[in-house]
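Chain and residue survey
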Amino acid sequence: MASSERSALLTYRLCGGSVEEERGRERARGRAAAAAAAPRKLPTFLGVVVPTLLSMFSVVLFLRLGFVVGHAGLYQALAMFAVAYFIIGMTVLSVCAIATNGALDAGGAYYMISRALGPEFGGSIGIMFFLANVCGSALYVLGLVEAVVDSFGIPPGQEVGTGVHVLPQSYWYELLYGTVLLALCLLVCLVGASIYAKATFLIFLIVAGVLGTILVSFFATRPTGVPIRLPRSNGSETENGSFTGFSLATLRDNLGGGYGVDYTTGQMMSFSSVFAVMFNGCTGIMAGSNMSGDLKRPSYSIPRGTISAVLFTYLVYNLLAFLMCATCNRTLLQKDYGFLRDISIFPPLVTVGIYAATLSAAMSNLIGASRILYALARDDLFGRALALAKKTSASGNPVMAVILSWLVVQLVLFSGKLNTIAGVVTTFFLLVYATINLACLALEWASAPNFRPTFRYFTWHTCLLGIAGCCVMMFLISPVSASASLGFLLILLLALHYLSPSSTWGYISQALIFHQVRKYLLMLDVRKDHVKFWRPQMLLMVQNPRGSARLIDFVNDLKKSGLYVLGHVELQDLDMLPSDPLQPQQDSWLSLVDKLNVKAFVSLTLAPSVRHGVRQLLFTSGLGGMRPNTLVLGFYDDAEPQDGLARHPAFTSAREEVPLGFPPLRAPAAPKLLSAREYVGIVADALKMLRNVLLARQLESLDKAWELGGPPAPPPTIHVWPVNLLRPDSARYADTCSLFLLQMACVLNMARAWRRARLRLFLCVEAGAMPHAQEEKLRQLLKDLRIQAQIQLVPWDAVTRLHWQTRQGPPGGPAPGGAAEEEEEEEEGAVNFPANTTQVSDEYVCAANKLVLEQSPAPAVRFLYLPRPPANTSLYPLYLHQLELLTRGLGPTVLVHGVSAVTSTQL
């Protein structure tokens, strides 16, 4: 089995590149290889359940749950818990779905989002999630400082401490305490994930014991008064709170809301501000996911561990809220953040629990931030900006990422107060959760066959509800923070879109686009086509792009938001080849399209001849209602091919090289790939298949930048000859072909680069033919078609005098078979007699060419009427010879023959 056949299945990951590419990148990163090769040790309980529980049982449980219940009351507190857990519940379902859809690596939520939504969303949300964890770590450190100062700080109004109250209180002292505690977290995280897991397990045992003690205390402690010392600007003030034990009166008093002033910040509380503080107790759901690189089985552990931890914390929060409302008066709840210690049967244990839980949460967020930063650096999305964060220790611990994260947390500590940054942290986490739901929603809506998560308890409805809930709560909590966060996210998205290197992760946008395009293509019914909405859909045949760069660009201007396909025929026989030779060429063609900045598809085919290949492409190119209706060919002449790519601005930069996938141009003496008869046969085939035909001559000499230069240069002109110059007796301007020619010239004039150009329409008149009446009639036609053009009368009696029909008879007598062919044409009702090819002399064609050439000033491009090829295939070379004479020396010229109605005068 070929390696290309093996790789698709064996290297499948969640949304990452191939295993070989991943290994190659890891080997190139030096010490990062040790991190990738390091064995994963953490099981579900230690790696997911414990970190998640400790992150959620931290500041809010021990220091802010009474604050939430005291201000909001029991009913609103339970509603807050329901809303918060509804949002994180929907998010947890999305996390579980993504986590069970393939192999997970380090980075947690960042890894999930980046591999699902692509590098732009992944990188920008990775930075937002990093900041959320950094601010979260700072929040928990400040909470720990608050608890330490509450226990050991010198009371307000006293200059000298007594007993254990020896720590001075001020902004700078509290910043110093926070710095020391953060340094302790740094030391643990520098050792690595293993010691962190052991430390958190020990802390978990302590917190579990403290939680059990608190629950027992509500039943065992007798009613008592609790003096509360409150800081004031002129000293301190003491108020009395009450622990009443279980009391129906206390419960009734605490059922409704009673928002007051927060005694630490002096700000009036509201539902949104209290919810912002409370929601920080729910933001720990990603603590286990952040350790995905250190888990034994991430896809197994993350869903089970996270769901178990979330359900347990929800039950505990609701139970404690009820117990607090039934036993503590509102003053105690609102104005004593550490009241659980005051009512405990063993107060020192509660103090230890508070310290342990908040310290663990701070470490969890710090180590989570470092893992996200390391993953961002390893993916090279930000280039050298995060190069330092790639460095790891011998055991694979990203020590530099830990140190950088610690520095950022230290900066956030300058904010000083826990409640000050609570809203910012909540906004960041809500934004991350909304994006995780968006990633899962996108994967579900894309309907990709490889999205098969083993966790099936989710639908697109849950993802949508999670997104809506996160967005609504973001703006309810803090419209300013939400708007600023979204603005910052948008800036990161744009920066990564334009500056980040391409990745091999796969882009969900491509899957979504495919899904939608397929749906809309099925809705695009060709039976409902109407001439009012006609647009050109081009198939440009290119033999070698090196000689067709300007033609490709010109047709791009001519397509008018229609389909544009670059076709190429490779003359080989697949039966004689070991594999398809077109697949290696595809990338070169797509790169060409990107470099030339044209909006085109590429369609390559194998055929025994060029004519057969063009037939294949005309039959098979496009899909549904998007199929080429116009064939564009370069002109068949003896001109020496010129390498247009070598002179094209997209390839003249020193940083760019001409694509090497294209062969050199044909030498002037080398034989051509198709004969003149086969070339005209392609034109005849297209007309039989009811495709319009454009033949472009000398378009490679069109210097669009020079011709279309802005003021003060005079506006360029486009010359339009909507008359069959080889058949003067059929000089009509309202037949299908002439109208199509007018439409093409008008479409070119509508292109942005050609808007300065002016259309000049040439009306060929003979003596005694009432030219002014013809001009007025043509002017009215242009008015009806909404085409702005200058009409110029051109007497051509000297030319028509040379035509065989104006002479006594055809020169040399009637041509053999001429009568039969004329009769055949009359039956067809066509304008161009097949016999006309044999009757028209070179003298007449040269006179017509001179007539066109004499019209000055010289235009940027000319549009001429393309006669239909003769029915007799033996006359194909003569027909091509006449076209060559007609267009000789005219510069950029487009010969046009239309077979479909394309103009409308209706509204």
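Since the structure is predicted, the reported quantities are computational estimates derived from the model, not experimental observations. Every chain's residues receive numbers from 1 upward, in the order its sequence appears when written. With the structure being a predicted model, the display of local features is reserved for residues of pLDDT at least 70 and the display and counting of side-chain atom pairs for 80 or more, all residues being used for whole-chain, interface and lining totals. As a rule here, side-chain values come from all non-hydrogen atoms in the structure, and water together with hydrogens is ignored.

Salt bridge criterion: a side-chain nitrogen from Lys or Arg within 4 Å of a carboxyl oxygen from Asp or Glu. Applying the stated rule across the entire model yields 12 salt bridges. R527 is paired through a salt bridge with D525; the nearest N and O atoms lie 3.0 Å apart. Taking the shortest distance from any N to any O, the salt bridge between R611 and D685 comes out at 2.6 Å. With R611 in helix α24 (residues 610-620) and D685 in helix α27 (residues 676-688), this residue pair connects regions lying 74 residues apart in the sequence. Whether a residue is buried, partly exposed or exposed follows from its accessible area with a 1.4 Å probe, protein chains only, as a fraction of its type maximum: under 20%, in between, or over 50%, in that order. For D685, a relative accessible area of 7% gives the class buried. By the criteria applied, helices consist of DSSP H or I runs no shorter than four residues and strands consist of E runs no shorter than two, each listed in order from the N terminus.

It is worth spelling out the nonpolar core at this point. Proteins that are soluble and globular tend to have nonpolar side chains buried together. What we call a nonpolar core is a set of buried Ala, Val, Leu, Ile, Met, Phe, Trp, Tyr and Cys residues that are connected through their side-chain atoms within 4.5 Å. In terms of nonpolar packing, the biggest core is built from 167 residues, with L61, F62, I88, F218, L320, L340 and Y433 touching the most fellow members. A per-element tally of this core places helix α5 (residues 59-99) first, with 25 residues. With 63 residues, the next largest nonpolar core counts M538, V602, F740 and L782 among its residues.

Attention shifts here to a nonpolar patch on the surface. For patch building, the residue pool is restricted to those with more than 30% relative accessible area and no salt bridge; the joining distance is 9 Å between like charges and 5 Å between nonpolar side chains (Val, Leu, Ile, Met, Phe, Trp, Tyr). For every accessible area listed, the method is Shrake-Rupley and the probe measures 1.4 Å; residues are considered covered only by the protein chains on display. Among the surface-exposed residues, F45, F201, L202 and L205 lie close enough to one another that they form a single nonpolar patch of about 360 Å² accessible area. Ranked by residues supplied to the nonpolar patch, first place goes to helix α9 (residues 193-220) with three residues. Counting through the fold element by element, L205 comes out in helix α9.

Note on helix geometry: an α-helix contains 3.6 residues per turn, so any two residues three or four positions apart are oriented the same way. For a helix, the expected span equals 1.5 Å multiplied by the residue count minus one. The first and last C-alpha atoms of helix α19 (residues 460-477) sit 26 Å apart over 18 residues, in line with the 26 Å expected at 1.5 Å per residue. The complete set of buried residues in α19 reads T462, C463, G466, I467, G469, C470, M473, M474 and I477. The arc that holds the buried residues of α19, viewed along the axis, is 165 degrees, so those residues lie on one side. Counted as a polar contact is a pair of N or O atoms within 3.5 Å, where, for protein atoms, one must be capable of donating a hydrogen and the other of accepting one, and residues adjacent in sequence contribute only when both atoms are in side chains. With a side-chain oxygen positioned 3.1 Å from the backbone nitrogen of H461, the residue opening α19 is T459. Read the arc as the range of directions from the helix axis to the C-beta atoms.

Let us look at the state of the cysteines. When the sulfur atoms of two cysteines come within 2.5 Å, that pair is taken as a disulfide. Summed over all chains, the structure comprises zero disulfides. With no disulfide of its own, C328 lies closest to C325 among cysteine sulfurs, the gap being 8.8 Å. In this structure C328 comes out as buried when scored by relative accessible area, which is 0%. Left unpaired, C440 is separated from the closest cysteine sulfur, that of C463, by 3.6 Å.

Further remarks concern the confidence of the model for the protein chain. Scored from 0 to 100, pLDDT records how confident the predictor is in each individual residue. Residues of the protein chain with pLDDT of at least 70 account for 85%, and the chain-wide mean is 81. Should any heavy atoms of two residues lie within 4.5 Å, those residues are considered in contact. Taken together, the stretch residues 1-38 has pLDDT below 50 and engages in 46 contacts with residues farther than four places along the chain or on a different chain. Residue range residues 808-834 is modelled with pLDDT below 50. Its contacts to residues more than four positions away, or to other chains, number 34 contacts.

Pairing of aromatic side chains here covers Phe, Tyr and the six-membered ring of Trp, requires ring centres within 6.5 Å, and sorts the geometry by plane angle: under 30 degrees stacked, over 60 edge-to-face, intermediate tilted. A full pass over the atoms with the stated rule returns 19 aromatic pairs. For the pair F451 and F458, a centre-to-centre distance of 6.1 Å together with 75 degrees between the ring planes defines the contact as edge-to-face. Take F451 and F458: they sit in the same class, and that class is buried. Each ring, one from F455 and one from Y457, has its centre 5.6 Å from the other, and the planes form 70 degrees; the classification is edge-to-face. With relative accessibility at 11%, the residue F455 sits in the buried group. Aromatic ring contacts, followed pair by pair, group F81, Y85, Y314 and Y317 into a single cluster. A ring has a charge above it when a Lys NZ or an Arg CZ is no more than 6 Å from the ring centre and no more than 35 degrees off the ring normal. Lying over the aromatic face of Y300, R297 brings its terminal NZ or CZ to 4.0 Å of the ring centre. Here the guanidinium or amino end of K672 rests over the ring plane of Y636, the centre of that ring lying 4.1 Å away.

Between S856 and P857 the backbone carries a cis peptide bond, its omega angle lying at 0 degrees. Take P857: it is sitting in the loop between α34 (842-854) and β11 (861-865). Of note, K560 is a non-glycine position whose phi angle comes to about 50 degrees, a positive value. Relative accessible area serves as the criterion here: at 35%, K560 is assigned to the partly exposed category. Its identity is not glycine, yet N597 carries a phi of approximately 60 degrees, on the positive side. Structurally, the position occupied by N597 is in the loop between α23 (583-596) and β5 (601-607). For N597, a relative accessible area of 64% puts it in the exposed group.

What follows is about the packing of helix α22 (residues 549-558) against helix α29 (residues 736-750). Inter-axis angles, ranging from 0 to 180 degrees, are taken between N-to-C directions of lines fitted to C-alpha atoms, where helices are fitted over the stretch in contact. At a minimum axis separation of 8 Å, α22 and α29 run at an interaxial angle of 100 degrees. In terms of their interaxial angle, α22 and α29 are classed as roughly perpendicular. Across the interface between the two elements, F554, D557 and L558 of α22 pack against M744, V747 and L748 of α29. Classification convention: Asp, Glu, Lys, Arg as charged; Ala, Val, Leu, Ile, Met, Phe, Trp, Tyr, Cys, Pro as nonpolar; all other residues, Gly among them, as polar. The residue makeup of the contact of α22 with α29, split by class, is five nonpolar, no polar and one charged. Angles are sorted into four bins: roughly parallel if under 35 degrees, roughly antiparallel if over 145, roughly perpendicular if 65 to 115, and oblique for all others.

None of His or the chain ends enter the tally, which takes Lys and Arg as positive and Asp and Glu as negative. Where a charge lies is defined by one atom per residue type, namely NZ (Lys), CZ (Arg), CG (Asp) and CD (Glu). Together, R535, K560, K599, R752 and R755 make up a positively charged patch on the protein surface. Turning to its location among the elements, R755 is positioned in the loop between α29 and β9 (758-765). What makes R755 exposed here is its relative accessible area of 54%.

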